[in-house]
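Structure at a glance
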Amino acid sequence: MLLRPCAPTSRGSRRRLVSGLPLPSTATFVRLARRPVPRRRDQALRAASTANVRHEQRAIRRTDGRIRKRAMRPAFPAVARIPYPVAMISAKRLRAHVEALTAHGPRFEDLPGVAACLRYSTDQLSAMGLKVRVERYGSELHQVNLVAEIEGGTSDDAVELCAHWDTVEVSPGADDNASGVAGVLEAARVLRDADLPARTIRFCLFGGEESGFDGSAAHQAFITAQTESIVFEMIGHTAAHQRIPDELSDFLEAPERGDFIALVADERSQDLQTRFARHLEIPSLPLILPAFAEHVAMRSDHVPYWDAGRRSLLVTDTADYRNAHYHRADDTADTLDYEFAANVVTAAVRTVTELAQ
Ligand SMILES: [Zn+2]
């Protein structure tokens, strides 16, 4: 996960970015996103607050008349029973993957962790009987994506499950993002025996996320327009406390505990978000940001998909809004909650299975 949203100059002319951070809410934001956005950001925030208050006042009249601020609480799914085989995702295996991936230090440029990680991931996927393709996007050793797939029977339009394998220079990156890579590997293990799906299921391990989504951006040239993706970006950390971006605090109360998984979509990708949330058995925070706040989520590999007009869902524990080890040398395997991660990966497997039918 990038510390700051990628600058608009390197992302094309997608949108103006304000000084940035990630994360925020659900229904309120969906409503707000459809309102005209005032030109200046402070006006926009004021309008958002006013709209929120109006909404609450209506809600209050409908109920008991008590005034209370609308809290942003992670939602437990009302329906989470799946008509698909329940994947046996193993927390123990996830831990073993994270330990192996972090054992050789940071996965940055020409450091030894890079080759070790690429070798480990290739070996794991190959041992499952999957053919691993190297998608090279530069001449340096580290400028590679690893791609493996279960070929679909009737459609080229793949469903992709993705995570970046690289780290910043100083961190072994257990949560950021060995957790995501471990999730992809473990999902591949349980999906590899899937009956021939209608759509191809593709597993993507991207390089270059920390330098501005280089790998996932290059990947866009290899895929069809209808390809959609789920991006794991830090899925392993839970904490007693949770923060949200300052700029959203005027009209949202932060959930107090960092025990939910955030599902960030744009409007186009809302279907992915709805499906994923339905398949979760832990609290989730589905977010669709209005245009004026979207920049806070522009920090991972879903961005090139959105830029290319493709559907993509960001699945994240919210990075530095929860994890005190973010981008530090102490982002280590012993700081993760593997049962939590296993729940996230299970929901992803169910979602991918459903989408690939
Ligand atoms: Zn990062």
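Now for a description of the structure that goes with this document. (Residues numbered from 1 in each chain as written. Predicted model: local features only at pLDDT ≥ 70, side-chain atom pairs only at ≥ 80, totals over all residues. Heavy atoms only, no water.)

On to the overall build of the protein chain, then. In terms of helices and strands, the protein chain carries nine helices and eight strands. For the protein chain, the residues scored as buried account for 58% of the 357 residues in total. Contacts in the protein chain between residues far apart in sequence, at least 24 positions, make up 78% of those at least 6 positions apart. Summing over all exposed atoms, the protein chain offers an accessible surface of approximately 15300 Å²; the carbon and sulfur share of this is 50%. (Helix = DSSP H or I, 4+ residues; strand = E, 2+ residues; numbered from the N terminus. Buried < 20%, exposed > 50% of the residue type's maximum accessible area, 1.4 Å probe, protein only. Contact = heavy atoms within 4.5 Å. Areas by Shrake-Rupley, 256 points an atom, 1.4 Å probe, with all protein chains shown as cover.)

Attention shifts here to the coordination of the zinc ion. All of the protein donors around the zinc ion are Met 1 (N), Met 1 (O), Asp 176 (OD), Glu 210 (OE), Glu 210 (OE) and His 327 (NE2); their distances to the metal are 1.9 to 2.8 Å. Geometry at the zinc ion is irregular, judged from the six donor atoms that bind it and their angles of 53 to 160 degrees at the metal. We note that the donor set of the zinc ion lies within a single chain, spaced as M-x174-D-x33-E-x116-H. One end of the pair, Met 1, is in the segment before helix H1 (27–33); the other, Asp 176, is in helix H5 (residues 174–191), with 175 residues separating them in the sequence. (Donors = N, O, S within 2.8 Å, 3.2 Å for Na, K, Ca; no water. Tetrahedral: all angles 85-135°; square planar, octahedral: opposite > 155°, others 65-115°.)

What follows deals with the packing of aromatic side chains. Using the criterion set out here, one finds zero aromatic pairs in the structure. Across the ring face of Phe 260, the terminal group of Arg 322 is positioned such that the distance to the ring centre comes to 4.7 Å. (Phe/Tyr/Trp six-rings, centres within 6.5 Å; stacked < 30°, edge-to-face > 60°. Lys NZ or Arg CZ within 6 Å of the ring centre and 35° of its normal.)

If you trace the backbone, Asp 301 turns up in the loop between strand S7 (284–288) and helix H8 (302–307). Here Ser 216 takes part through its side chain, which lies 2.6 Å from a polar atom of the side chain of Asp 301. (Polar contact = N/O pair within 3.5 Å; in protein donor to acceptor, adjacent residues only side chain to side chain.)

Turning to the environment of Ala 217, a few remarks are in order. Mapped onto the secondary structure, Ala 217 falls in helix H6 (residues 214–219). For Ala 217, a relative accessible area of 31% gives the class partly exposed. As a C-alpha pair, Ala 217 and Tyr 305 span 88 residues in sequence and 7.7 Å in three-dimensional space.

As a further point, take the pattern of salt bridges. Applying the stated criterion across every chain, the model contains 16 salt bridges. Across the salt bridge formed by Arg 189 and Glu 186, the nearest N and O atoms sit 2.7 Å from each other. On the criterion of helical spacing, the pair formed by Arg 189 and Glu 186 is a turn pair, its members being three residues apart in helix H5. Assigned by exposure class, Arg 189 and Glu 186 land together as buried. Glu 228 serves as the salt-bridge partner of Arg 311, at 2.6 Å between the closest nitrogen and oxygen. Separated by 83 residues along the polypeptide, Arg 311 in the loop between H8 and strand S8 (312–316) and Glu 228 in strand S5 (residues 228–233) bring together distant segments of the chain. Exposure remark for Glu 228: the relative accessible area of 4% places this residue in the buried category. (Salt bridge = Lys/Arg side-chain N within 4 Å of Asp/Glu carboxyl O.)

Moving on to unusual backbone geometry. Here the bond from Asp 176 into Asn 177 is cis, since omega is 5 degrees, no more than 30 degrees from zero. In this structure, Asn 177 sits in helix H5. In the Ramachandran plot, Thr 318 falls in the positive-phi region, its phi being about 85 degrees despite a non-glycine side chain. Following the sequence through the fold, Thr 318 ends up in the loop between S8 and helix H9 (338–355). Of the residues examined, Thr 318 reaches a relative accessible area of 0% and is grouped as buried.

Contact geometry of helix H3 (residues 91–102) with H9 gives a least axis separation of 8 Å together with a crossing angle of 105 degrees. It follows from the interaxial angle that H3 and H9 lie roughly perpendicular. Taking contact as the criterion, the partners of Ala 91, Leu 94, Arg 95 and Val 98 in H3 are, on H9, Tyr 338, Glu 339, Ala 341, Ala 342 and Val 345. A breakdown of the residues in the contact of H3 with H9 according to their chemical character gives seven nonpolar, no polar and two charged. (Axes fitted to C-alpha atoms, helices over the stretch in contact; angles between N-to-C directions. Parallel < 35°, antiparallel > 145°, perpendicular 65-115°, else oblique. Nonpolar A, V, L, I, M, F, W, Y, C, P; charged D, E, K, R; others polar.)

As a further point, take the nonpolar core. Phe 203, Leu 205, Phe 232, Ile 261, Phe 276, Val 315 and Val 344 are the most contacted members of the largest nonpolar core, which has 60 residues in total. Among the elements that make up this core, the one with the highest residue count is H9 (eleven residues). Dropping the residues within four chain positions of it, Val 315 is found in contact with Ile 230, Val 231, Phe 232, Glu 233, Met 234, Ile 235, Ile 261, Ala 262, Leu 263, Phe 276 and Val 344. (Core = buried A, V, L, I, M, F, W, Y, C linked by side-chain atoms within 4.5 Å.)

A few words on the state of the cysteines. Taken as a whole, this structure holds zero disulfides when the rule is applied. Residue Cys 162 stays outside any disulfide, its sulfur separated by 4.1 Å from that of Cys 204, the closest cysteine. (Disulfide = S-S within 2.5 Å.)

Here we take up the packing of helix H4 (residues 112–127) against H5. For the pair H4 and H5, the least separation of the axes is 10 Å and the interaxial angle reads 15 degrees. Relative to H5, the element H4 lies roughly parallel. Along this stretch, H4 crosses H5, giving a crossing that reads as right-handed. Contact residues: Tyr 120, Ser 121, Gln 124 and Leu 125 in H4; Val 181, Leu 185 and Ala 188 in H5. When grouped by side-chain class, the residues that make up the contact of H4 with H5 number five nonpolar, two polar and no charged. (Left-handed = near helix turned anticlockwise from the far one by under 90°.)

Bear in mind that shape data such as this cannot, by itself, settle questions of function.
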